[in-house]
Amino acid sequence: MLFNSVFFITTFLPLALLGWYLLQQLNNPIYAKVFLVGMSLWFYGYYNPWYLCVLLLSLFGNYGCSVLFEKVREQKKRKMVLALGLFVNVGLLFYFKYFNFFIDNCNYFLHTDISIEKIALPLGISFFTFQQISFIIDRYQQTAPDYTFVDYVCFVTYFPQLIAGPIVLHSEFLPELSARKNRKVDWELFFDGVMLFILGLGKKVLLADMLAVVVNAEFANVAYLDGVSAWVTIICYMLELYFDFSGYCDMARGIGKMFGFHLPENFNSPLMATSVKDFWRRWHMTLSRFLTTYIYIPLGGNRQGKWKKCRNLLVVFLVSGLWHGANWTFVVWGLLHGAAMVWEALFPKLRFRQEALSRLCTGIYVTLTFAIFRSDSLAQAGQLFRQLFTGGNTGFFAGMCNTLQFPETYAVVKALEMVAPQLLNPFYMACMLLLLGIALWLVRGKRAEVWIEEKGRTWKGLTTVAILFIWAFVSLSQVSTFLYFNF
Amino acid sequence: MEKKKALKRLCLLILALFFAVIFFVWLLDPFYQYHEPFFGLKKVLYDRDNQVPGTIRSFEYDTVILGSSVAENFDSSFIDSTYDCETLKIIRASGSVADLLYYLEQAHEEQDLERVFWCLDIFALTAPMEVTLYGEDIPRYLHTENVLDDIPYIFNKEVIMKKIPMMLAYSFMDINTGGHAYDWSADKTFGAAKAMTAYAKPEDSGTVESRDFSSEKALIGQNIESVISEIKSHPEVEYTVMFPPYSLLWWDCGYVNGEREKYGYILEQVLSELLECENATVHFFMAEKDIVCNLDNYMDMIHYTPQINQYMLDGVAQGTHEVTKDNLGEILTKVEENFDYIISEGIYEYYPKK
């Protein structure tokens with residue numbers, strides 16, 4: 001199910017909230033928890049109930065490991081349980097996410113002719129697998145208690161974070177699940193949640209999906225782009241990805257607050273970063289936290305000298321690249337970010353004095369690497385880079401702006417077609433500049449939660465949010481799916 | 001302001017906006033799901049798939065024009081004035097018998113029909129009998145009266161920002177109003193050059209044998225039977241069945257694809273069955289050589305100018321093209337003669353012999 005769907009907003013979410021708070025009034029909280037699990041499984045299996053089998057298999061396997069950790073005290077056996085748990089998790093991820101990629105590469109490099117049926121990727125498998133890996137490692141290290149099965153299932157399946165994060169840790173979620181104070185509606189938190197959800201919905205539906213129209217059209221025609229339009233395309237993609245994913249996370253965190261939970265922040269103005277290292281402190285923060293805690297530090301982190309630190313950084317970003325998708329484009333993207341991190345580690349003082357210049361250069365680097373991330377193949381990425389640097393200006397940009405055919409501008413476009421057709425192209429260009437201008441202004445602006453705290457309770461703030469909600473709600477019949485579902 | 005109070009205010013604001021949107025869409029109702037237009041606005045019909053279901057439910061009429069896109073350019077005001085009636089166009093692009101009968105049944109339920117003008121496409125008599133009007137891609141709100149199904153109609157950016165402004169503009173500019181409902185001819189080019197772009201004639205390879213179509217006979221029979229039982233089940237309604245004139249391109253294409261015998265079979269079956277219906281008259285324009293063989297009347301293989309639509313209505317009114325049991329054989333012979341002329345001479349007035 002999508003957050004940005006009429007059914008979710010008008011039926012599923014109100015039903016889930018009502019059931020949750022009503023059942024919380026019973027003495028035994030288990031009814032509310034079981035209800036929440038049921039709703040989460042409905043949410044997950046809404047489009048394809050078969051995905052539930054994968055999720056349940058993963059849940060039972062990992063909880064089984066947790067039970068074994070409780071029973072086995074011998075260190076060697078505990079290690080074996082951990083190894084088994086990791087093997088099953090990584091195996092599951094490998095099978096569903098990378099097996100097709102692996103076979104394709106075998107066929108390409110070893111000149112074999114293996115053919116298999118395409119394996120469908122269950123939604124959010126990378127998210128719930130990483131979440132559970134972190135849990136069993138913590139169980140192994142005895143930093144996680146032995147939770148009940150219902151609590152554990154509640155934690156993993158909790159629908160706001162299930163399919164696109166943020167990657168929540170058990171230590172963040174489960175204490176709140178059991179807290180007595182959360183059994184009543186906290187109206188302060190509920191208000192923040194509603195506001196955050198609406199702002200996230202607006203980001204996704206009104207910005208990311210509009211930018212997606214341009215990006216999808218131009219990435220399908222890379223060969224025809226000139227330099228100007230290629231640069232505008234990749235900037236649009238960077239903004240689309242940011243508003244899409246951060247919009248989703250705002251919605252997830254907003255729903256979390258409505259239920260009385262504080263899900264971790266995932267974005268902190270990442271496009272204002274002054275270095276790649278700074279970018280990863282602000283972008284998809286819960287993934288960075290996972291990779292740092294469970295890969296970078298166990299590899300030795302920065303404790304074993306400069307070169308090993310560099311190696312560790314490259315390994316972490318290679319894993320990050322592969323986590324995002326089974327394609328060489330993701331591997332190259334990850335390695336380029338790793339290389340930038342290594343560069344910054346080796347030459348920490350080699351920086352611009354002006355912060356604005358650092359921001360600009362970081363922004364350009366990140367945008368260029370994300371262009372590879374978006375490309376279907378390295379060949380397409382190569383072609384796009386040729387257009388970026390040698391495409392010049394053939395006037396394609398004007399045609400590109402014509403893809404901005406939105407219902408919002410329909411009446412003006414029709415009027416211009418009749419009265420002043422010569423003004424149509426300038427009008428579309430103005431729309432493009434306006435869209436980019438608003439997006440960039442919001443990138444530089446305050447974080448949603450800060451804005452809610454400062455302006456959310458004023459009449460102006462409330463009216464703005466109410467209009468945003470209606471505008472987004474009436475746009476729901478034509479929105480795309482979230483970009484981060486398949487990661 | 002306290003957050004609890006702010007939340008109440010936000011909910012009230014959202015509710016107020018919700019009701020404003022509901023009222024706005026209900027009031028202007030571009031798909032006519034709830035009512036005929038208010039405030040003296042004209043009935044603007046320009047989007048057949050979205051508007052036909054609503055107009056069947058909401059409009060007052062006693063006559064319908066039924067057919068595919070070739071029926072869209074009929075001037076229904078001519079019918080209104082000639083027969084003193086109120087006409088509604090019911091169009092399905094494919095002309096599918098099953099879909100049109102589904103619509104017609106709805107029309108019978110909503111209004112007391114007196115006349116049905118059916119522009120019957122013979123290619124539609126080979127189409128599957130399944131109704132294709134509801135499916136995953138088709139909004140449920142069009143065909144149901146359940147208020148909950150209407151949410152995607154009322155809260156729909158395209159309806160609010162595209163369909164309503166377009167309806168208002170068309171109403172003021174008098175486009176697709178009155179007798180010109182669904183009329184698409186205004187921005188189309190007709191003529192031999194345009195029509196020929198729709199048909200790449202294959203190289204001549206001698207006489208083409210008709211292909212075996214015995215497996216299709218059952219389906220053809222079902223389609224014809226459905227039409228006949230519809231007519232017979234409403235003896236109080238007067239049915240006027242018209243067979244529209246497709247261009248020589250369509251006939252030649254049928255010939256090179258081995259369909260000649262099939263066309264003959266369909267025409268013989270459907271015409272003789274229709275002639276058995278006491279409440280139906282049949283008007284045949286397919287063998288109008290002067291029209292069919294002049295590509296200036298067409299924009300592609302089957303779509304002709306509004307003048308041809310008018311010619312048909314005049315013919316119906318005057319009974320000049322009526323088929324009777326007496327002239328049926330003569331008409332079928334004329335079809336065969338026309339076919340011979342088209343494949344041996346007519347088509348070569350436009351395409352070189354290869």
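Residues numbered from 1 in each chain as written. Chains lettered and ligands numbered in written order. Predicted model: local features only at pLDDT ≥ 70, side-chain atom pairs only at ≥ 80, totals over all residues.

Peer 1: Outline the overall build of chain A, supporting the account with residue identities and numerical values.
Peer 2: Secondary structure assignment for chain A yields 21 helices and zero strands. Compactness check: chain A gives a C-alpha radius of gyration of 24 Å against a globular reference of 23 Å for 487 residues, within 12% of the reference. Taking the principal axes of the C-alpha coordinates as reference, chain A spans close to 75 × 55 × 50 Å. Burial status across chain A gives 43% buried among its 487 residues. (Helix = DSSP H or I, 4+ residues; strand = E, 2+ residues; numbered from the N terminus. Rg over C-alpha atoms; globule rule 2.2 N^0.38 Å. Buried ≥ 20, exposed ≤ 12 C-beta atoms within 10 Å, placed from the backbone.)

Peer 1: Go over the overall build of chain B with me, naming the residues and quoting the values.
Peer 2: Of the regular secondary structure elements, chain B holds 13 helices and six strands. Overall size of chain B, expressed as C-alpha extent along the three principal axes, is 90 × 45 × 40 Å. Per-residue burial over chain B gives 39% buried out of 354 residues. If you take every contact in chain B between residues at least 6 apart in sequence, the share linking residues at least 24 apart comes to 81%. (Contact = placed C-beta atoms within 7 Å.)

Peer 1: I'd like a description of the sheet that holds strand 1 (residues 63-67) of chain B, backed by residues and values.
Peer 2: All names here are of chain B. Strand order in the open sheet formed by six strands is 2-1-3-4-5-6, with mixed pairing between adjacent strands. The open sheet has two free edges, formed respectively by strand 2 (87-91) and strand 6 (322-323), since each of these has just one partner strand. By the bridge criterion, two bridges tie strand 5 (residues 280-284) to strand 6 in an arrangement that is antiparallel. Residue His283 lies in a different strand from strand 6, and its bridge partner there is Glu322. (Pairing = 2+ DSSP bridges.)

Peer 1: Give me the lowdown on the confidence of the model for chain A, citing residues and values where you can.
Peer 2: Of the residues in chain A, 98% have a pLDDT of 70 or more, and the chain-wide mean is 88. Taken as a whole, residues 479-487 of chain A scores under 50 in pLDDT and shows 24 contacts with residues more than four places along the chain or in a different chain. (pLDDT = per-residue confidence, 0-100.)

Peer 1: Residue-level account of the interface of chain B and chain A, with values.
Peer 2: Between chain B and chain A, the residue contacts involve 22 residues of the former and 24 residues of the latter. Of all the secondary structure elements, the ones that give two or more residues to the side of chain B that touches chain A are helix 1 (3-28), helix 5 (151-154) and helix 6 (157-173) of chain B. Per-element tally for the side of chain B that touches chain A: the top contributor is helix 1 of chain B, with eleven residues. Looking at the side of chain B that touches chain A, its residues break down into 15 nonpolar, one polar and six charged. (Nonpolar A, V, L, I, M, F, W, Y, C, P; charged D, E, K, R; others polar.)

Peer 1: Run through the domain arrangement of chain A, naming residues and quoting values.
Peer 2: Residue and element names in this part refer to chain A. Each domain of chain A was delimited in the assignment, giving domain 1 (6-184), domain 2 (198-274 + 351-486) and domain 3 (281-343). For domain 2 and domain 3, the distance between their C-alpha centres works out to 27 Å. With 16 residues of domain 2 in contact, the opposing surface of domain 3 contributes 13 residues. Elements that contribute at least two residues to the side of domain 2 that touches domain 3 include exactly helix 15 (355-374) and helix 16 (378-390). With four residues, the single largest contributor to the side of domain 2 that touches domain 3 is helix 15. When grouped by side-chain class, the residues that make up the side of domain 2 that touches domain 3 number nine nonpolar, six polar and one charged. (Domains from an automatic or database assignment.)

Peer 1: Describe in detail unusual backbone geometry, supporting the description with residues and values.
Peer 2: The backbone phi angle of Ser269 of chain A is positive, close to 45 degrees, even though this residue is not glycine. On the secondary structure map, Ser269 of chain A appears in the loop between helix 10 (227-259) and helix 11 (276-282).

Peer 1: So what about the pairing of strand 4 (residues 238-243) of chain B? Which residues, and what values?
Peer 2: All names here are of chain B. Of all six residues that make up strand 4, five are buried, and the element is covered over most of its length. Relative to strand 4, strand 3 (residues 115-119) runs parallel, the two sharing five bridges. If you follow Phe117 over to strand 4, its bridge partner there is Thr240. Across five bridges, strand 4 lies against strand 5 in parallel orientation. Looking at the pairing, Met242 lines up with His283 of strand 5.

Peer 1: Kindly report on the environment of Tyr152 of chain A, identifying the contributing residues and their values.
Peer 2: Residues and elements named next belong to chain A. The residue Tyr152 is located in helix 6 (residues 149-157) in this model. As a C-alpha pair, Tyr152 and Arg282 span 130 residues in sequence and 29 Å in three-dimensional space. Dropping the residues within four chain positions of it, Tyr152 is found in contact with Tyr63 and Tyr147.

Peer 1: Describe the packing of helix 18 (residues 407-419) of chain A against helix 19 (residues 424-444) of chain A, listing the residues and the values that go with them.
Peer 2: Residues and elements named next belong to chain A. Closest axis-to-axis distance for the helix 18/helix 19 pair is 10 Å, and the angle between their directions is 160 degrees. One way to sum up the angle between helix 18 and helix 19 is to call them roughly antiparallel. Crossing hand, helix 18 versus helix 19: right-handed. Residue-level inspection shows Thr409, Val412, Val413, Leu416 and Glu417 of helix 18 in contact with helix 19, the latter providing Leu424, Phe427 and Cys431. (Axes fitted to C-alpha atoms, helices over the stretch in contact; angles between N-to-C directions. Parallel < 35°, antiparallel > 145°, perpendicular 65-115°, else oblique. Left-handed = near helix turned anticlockwise from the far one by under 90°.)

Peer 1: Which residues make up the packing of helix 10 of chain A against helix 15 of chain A, and what are the values?
Peer 2: All names here are of chain A. Between helix 10 and helix 15, the shortest axis-to-axis distance is 9 Å and the interhelical angle comes to 80 degrees. With respect to their mutual orientation, helix 10 and helix 15 come out roughly perpendicular. On the side of helix 10, the interface is formed by Ile234, Ile235, Tyr237, Met238 and Leu241, while helix 15 contributes Thr367, Leu368, Phe370, Ala371 and Arg374. The residue makeup of the contact of helix 10 with helix 15, split by class, is eight nonpolar, one polar and one charged.

Peer 1: Break down the pairing of strand 3 of chain B for me, citing the residues and quoting the values.
Peer 2: All names here are of chain B. Strand 3 sits mainly inside the fold: four of its five residues count as buried. Across four bridges, strand 1 lies against strand 3 in parallel orientation. Across the sheet, the residue bridging to Leu66 is Trp118, located in strand 3.

Peer 1: Now, about the nonpolar core: what can you tell me, with residues and values included?
Peer 2: Ranked by internal contacts, the top residues of the largest apolar core, which has 149 residues, are Val194 and Leu211 of chain A. In terms of residue count, the dominant contributor to this core is helix 10 of chain A (20 residues). Contact partners of Val194 of chain A, with chain neighbours within four places excluded, come to Gly254 and Met258 of chain A together with Leu7 and Leu10 of chain B. Tyr239, Leu249, Met286 and Leu313 of chain B belong to the second-largest nonpolar core, a separate cluster that totals 74 residues. (Core = buried A, V, L, I, M, F, W, Y, C linked by C-beta atoms within 7 Å.)

Peer 1: So what's going on with the environment of Gly40 of chain B? Residues and values would help.
Peer 2: Its place among the elements puts Gly40 of chain B in the loop between helix 1 and helix 2 (48-58). Sequence separation between Gly40 of chain B and Ser171 of chain B is 131 residues, and the spatial gap between their C-alpha atoms is 9.5 Å.

Peer 1: Tell me what's going on with helix 21 (residues 459-474) of chain A, and back it up with residues and numbers.
Peer 2: Taking 1.5 Å of rise per residue, 16 residues should cover 22 Å, and helix 21 of chain A covers 22 Å from first to last C-alpha, within 8% of that figure. If you check which residues of helix 21 of chain A are buried, you get Leu462, Val465, Ala466, Phe469, Ile470, Ala472, Phe473 and Val474 of chain A. Close packing links the buried residues of helix 21 of chain A with helix 1 (6-23) and helix 9 (187-219) of chain A together with helix 1 and helix 6 of chain B. (Expected span 1.5 Å × (residues − 1).)

Peer 1: Please give an account of the confidence of the model for chain B that cites residues and values.
Peer 2: Residue and element names in this part refer to chain B. Chain-level pLDDT for chain B is 91 on average; 99% of the residues reach the 70-or-more range. When pLDDT is averaged over each helix and strand of chain B, the minimum, 88, is found for helix 5 and the maximum, 96, for strand 3. Both confidence scores are given for the complex: pTM 0.85, ipTM 0.82.

Peer 1: Any chance you could break down the environment of Asn156 of chain B for me, citing the residues and the numbers?
Peer 2: Along the chain, Asn156 of chain B turns up in the loop between helix 5 and helix 6. Between the C-alpha atoms of Asn156 of chain B and Val25 of chain B, which are 131 residues apart in sequence, the distance is 9.3 Å. Aside from chain neighbours lying at most four places away, what touches Asn156 of chain B is Val474 and Ser477 of chain A.

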